[in-house]
Amino acid sequence: KQFRNNKLNQTKKKDPKDSGPKGNALILDTSVPIYSPECMAVLANEENTVIFTLQTIFELDGLKDRKNVGFYAREAARNIEAYRVKNDPSLQIHHDVDFSGPLSKLDKKRGDSIIIAQAYHFYKKYKDKFNKIKLLSQDTIFRITARDVLPKEIIIEEYYHEKTDDKKLKILLKTIIVDKSEV
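Rules and cut-offs
Residues numbered from 1 in each chain as written. Predicted model: local features only at pLDDT ≥ 70, side-chain atom pairs only at ≥ 80, totals over all residues. Heavy atoms only, no water. Salt bridge = Lys/Arg side-chain N within 4 Å of Asp/Glu carboxyl O. Buried < 20%, exposed > 50% of the residue type's maximum accessible area, 1.4 Å probe, protein only. Helix = DSSP H or I, 4+ residues; strand = E, 2+ residues; numbered from the N terminus. Axes fitted to C-alpha atoms, helices over the stretch in contact; angles between N-to-C directions. Parallel < 35°, antiparallel > 145°, perpendicular 65-115°, else oblique. Left-handed = near helix turned anticlockwise from the far one by under 90°. Contact = heavy atoms within 4.5 Å. Nonpolar A, V, L, I, M, F, W, Y, C, P; charged D, E, K, R; others polar. Phe/Tyr/Trp six-rings, centres within 6.5 Å; stacked < 30°, edge-to-face > 60°.

Caption draft 1: Representation of the pattern of salt bridges in the model. Taken as a whole and assessed by the stated rule, the structure comprises 7 salt bridges. Between Asp61 and Lys64 there is a salt bridge, with the nearest N and O atoms lying 2.7 Å from each other. With relative accessibility at 45%, the residue Asp61 sits in the partly exposed group. Residue classification places Lys64 among the partly exposed positions, given a relative accessible area of 32%. Between Arg78 and Glu75 there is a salt bridge whose closest N-O contact spans 3.0 Å. Of this pair, Arg78 and Glu75 both sit in helix H4 (residues 70-85), 3 residues apart, roughly one helical turn. Judged by its relative accessible area of 25%, Glu75 falls in the partly exposed class.

This is how it looks when you write it as structure tokens:
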């Protein structure tokens, strides 16, 4: 994105409205890139378009100086920026909110509420453009709230991706698998 006249102007990129139903839209709560700053490398591909709400980007910015999560917030921001610089179509940032219907009972100033309202707006606008729309979060309370107010067509899931390499996995398997004679 480029800044001009204090407005965000989008550069060329795949817009979900430009094509028929394809793959999945994965909307990420802030907890996902904090838990797994490399989540883009895991999730973004030909089958998935990763959606960050603008609120999520703002929250990452607010977390970057905190001792316990600052490193992860900065790392996630760098990874998001790398995709944006490449103009990668597997990443989108969604700005608009919709607090109508069941979302009207949410606190409009609370970060989680804003992310849920942005996910709802995305769903209403692009539901015919994706096979599935999923909202991923590591935050249990966020998932409970989202399930309470969002349509059932939005799949709400916990994001989990184990961070390990083959060497660690082999050591772990070797540790677990023991012969009877060794016990």
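Caption draft 2: Here's a closer look at the packing of helix H5 (residues 111-126) against helix H6 (residues 140-149). Closest axis-to-axis distance for the H5/H6 pair is 11 Å, and the angle between their directions is 45 degrees. In terms of their interaxial angle, H5 and H6 are classed as oblique. Once H5 is placed against H6, the crossing between them reads as right-handed. Taken together, the residues of H6 that come into contact with H5 (itself represented by Asp112, Ile115 and Ile116) are Phe142, Thr145, Ala146 and Val149. When the residues that make up the contact of H5 with H6 are grouped by side-chain class, the tally is 5 nonpolar, 1 polar and 1 charged.

Caption draft 3: Main features of the packing of helix H3 (residues 54-63) against H4. Closest axis-to-axis distance for the H3/H4 pair is 8 Å, and the angle between their directions is 135 degrees. Between H3 and H4, the angle falls in the class oblique. Crossing of H3 over H4 shows left-handed handedness. The segment H3 lies against H4, with Ile57, Leu60 and Leu63 engaging Gly70, Ala73, Ala76 and Ile80. Here the contact of H3 with H4 is composed, by residue class, of 6 nonpolar, 1 polar and no charged.

Caption draft 4: Focus on the environment of Leu135. Within the element layout of this structure, Leu135 appears in strand S6 (residues 132-137). Residue class for Leu135 comes out buried when judged on its relative accessible area of 0%. Each C-alpha atom, one on Leu135 and one on Tyr120, is 9.8 Å from the other, the two residues being 15 residues apart in sequence.

Caption draft 5: Region of the structure containing the packing of aromatic side chains. Following the criterion strictly, the structure yields 4 aromatic pairs and no others. Relative to Tyr159, the ring of Tyr35 has its centre 6.2 Å away and its plane inclined at 80 degrees; by these criteria the two rings are edge-to-face. Of this pair, Tyr35 sits in helix H1 (residues 31-35) while Tyr159 sits in the loop between strand S7 (154-158) and helix H7 (166-176), and the two are 124 residues apart along the sequence. With centroids separated by 5.9 Å and ring planes inclined at 35 degrees, the aromatic side chains of Phe122 and Phe130 adopt a geometry described as tilted. Assessed through its relative accessible area of 7%, Phe130 is described here as buried. Every member of this aromatic cluster is reached through a ring pair, and the members are Phe122, Tyr126 and Phe130.

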